[in-house]
Amino acid sequence: MIRRRPRPPRLLTAVLAVLAPLLAMLTLSAPTAHAASLTEVTGFGANPSNLRMYVYRPDSAPARPAVLVAVHYCTGSGPAFYSGTEFASLADRYGFVVIYPSVTRSGGCFDVSSPQALKRGGGSDPVGIVSMVTYAEQHYGADPNRVYVTGASSGAMMTNVLLGDYPDVFKAGAAFSGVPFGCFATTDGSGWNSACANGTVTKTAQQWGDLVRGAYPGYSGPRPRMQLWHGTEDTTLRYPNFGEEIKQWTNVLGVSQTPASTDHPQSNWTRTRYGGTGTQAPVEAISIQGVGHTLPASGMAARATSFFGLDSGTTQPPTEPPAPPAGACKVTYSTSTWNSGLTAAITVTNTGTETIDGWALTFTLPAGQAVTSGWNAQFSPSSGTVTARNAAYNASLAPGASTTLGFQATHTGDTSAPASFSLNGATCTTS
């Protein structure tokens, strides 16, 4: 028997006829955070350990995008690392492609122990991961000069391994809670090295560096930069591994083990940079006080993205960039005024003892003043409490160094100077 659906009342039909186009317009105009989706790729090339390849290619990706390989932890997977970290949302913002390798072996750990894994072209997981990168270059037009790798725990160990095996493929790495290249090496077929995990394997910087150089004998080209993260209360891969990693990569990159700068981007963070003081120093190490084996936490992926330089091609501006470190400062402020406008010249001097790498100068404009244009900084908002953030070319202020900036503004009669200024949260002296 065929049942006929009852016809809707004429009034309802008329209402739906009016609403349908409006609903369609709302649907089409509603923003989506992830219009793109995670896609599995098969048949991507040499893959001796049967890894799976997942790719997130954002709609914002340019014709020649950068590539970030994001490597999961033990018991994890590529899709889990995609959904549990911030790298995909950062890819939406900056337009790079993210590759998520995924282990199929029991336990879900990457091979960072076998002799095959610890040499270039030796087989095992590193070969499969590099095949994924090659696939992205061939099929997505990815830029081979902008390939980076990051990972957590087992993925952090693989980050160390990939930078050692393939220094000509990866330009930089960021390892969250890892161990040095070669520290997990075993000869009995086991994938776990308890001595290394417990932080009892120590070597000289030269010995650690020789392990990396031995992965690709005869290589004399540039080495990738390294960013290292570790919690002081890590009981899975204990904190001494952090210091051993620093010894290894400063030696590999030929820079001093004495930090070029030390600061505290957050209250429980200690950041040291080696061989340079900028955002893309050869080696950067961030120690997180009181934190265990839980990295990366919120906001850390963005720091790694900045270390790689992947945030230089933004497609939409970040809503609130991380606050730079605080520092002592002096501000000189002068104005030139006319009936309805003024120009202000500001000189900022670092009166502290450490280099300020990235600054934000905050001040409150008197009522009626509004910035219309500025130079040597980005000013936002235009009135009220205004923050001027550094340009790329004046971000670093050595002790005693100064930078000048300024703006043009309208006013309604009050042309006085702001009452106070603060640099990265520290109140400045004024003159």
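Residues numbered from 1 in each chain as written. Predicted model: local features only at pLDDT ≥ 70, side-chain atom pairs only at ≥ 80, totals over all residues. Heavy atoms only, no water.

With respect to the sheet that holds strand β7 (residues 225–231)
Then, number 1: Read across the sheet, 10 strands follow the order β1-β2-β4-β3-β5-β6-β7-β10-β9-β8 without closing on themselves; strand pairing throughout is mixed. One side of each edge strand has no neighbouring strand; the edge strands of this open sheet are β1 (38–41) and β8 (261–263). Here the strands of the sheet are splayed against their neighbours by 15 degrees on average, with no regard to which way each runs.
Then, number 2: Direction of pairing for strand β9 (residues 269–274) relative to strand β10 (residues 283–288): antiparallel, over a ladder of 6 bridges. (Pairing = 2+ DSSP bridges. Helix = DSSP H or I, 4+ residues; strand = E, 2+ residues; numbered from the N terminus. Axes fitted to C-alpha atoms, helices over the stretch in contact; angles between N-to-C directions.)

Let's talk about the confidence of the model for the chain
Then, number 1: Per-residue confidence for the chain gives a mean pLDDT of 88, with 88% of residues at or over 70.
Then, number 2: Confidence drops under a pLDDT of 50 for residues 314–326, and excluding neighbours within four residues, the segment shows 29 contacts in the predicted structure. (pLDDT = per-residue confidence, 0-100. Contact = heavy atoms within 4.5 Å.)

Observations concerning the nonpolar core
Then, number 1: Of all hydrophobic cores here, the largest spans 55 residues; its most connected members are M53, V67, V69, I99, M158, F170 and F184.
Then, number 2: With residues near it in sequence (within four places) discarded, V69 still touches I99, P101, I129, V133, Y148, V149, T150 and F170.
Then, number 3: In terms of nonpolar packing, the next biggest core, distinct from the first, is built from 33 residues, A66, A70, A152 and M300 among them. (Core = buried A, V, L, I, M, F, W, Y, C linked by side-chain atoms within 4.5 Å. Buried < 20%, exposed > 50% of the residue type's maximum accessible area, 1.4 Å probe, protein only.)

A look at the packing of aromatic side chains
Then, number 1: Applying the stated criterion across every chain, the model contains 16 aromatic pairs.
Then, number 2: Between Y73 and F81, the aromatic rings sit 6.1 Å apart at their centres with planes inclined by 70 degrees, giving edge-to-face as the arrangement.
Then, number 3: Note on Y73: relative accessible area 31%, which makes it partly exposed.
Then, number 4: On the basis of relative accessibility, which here comes to 2%, the residue F81 falls in the buried class.
Then, number 5: Judged by centre distance (5.4 Å) and plane angle (85 degrees), the ring pair of W229 and W269 falls under edge-to-face. One end of the pair, W229, is in strand β7; the other, W269, is in strand β9, with 40 residues separating them in the sequence. As far as the burial class goes, W229 and W269 line up, both buried.
Then, number 6: One aromatic cluster in this structure is built from Y333, F363, F379, F407 and F421.
Then, number 7: A cation over a ring is seen here: R120 above Y216, with NZ or CZ 4.2 Å from the ring centre.
Then, number 8: A cation sits over an aromatic face here: K203 above W208, 5.6 Å from the ring centre. (Phe/Tyr/Trp six-rings, centres within 6.5 Å; stacked < 30°, edge-to-face > 60°. Lys NZ or Arg CZ within 6 Å of the ring centre and 35° of its normal.)

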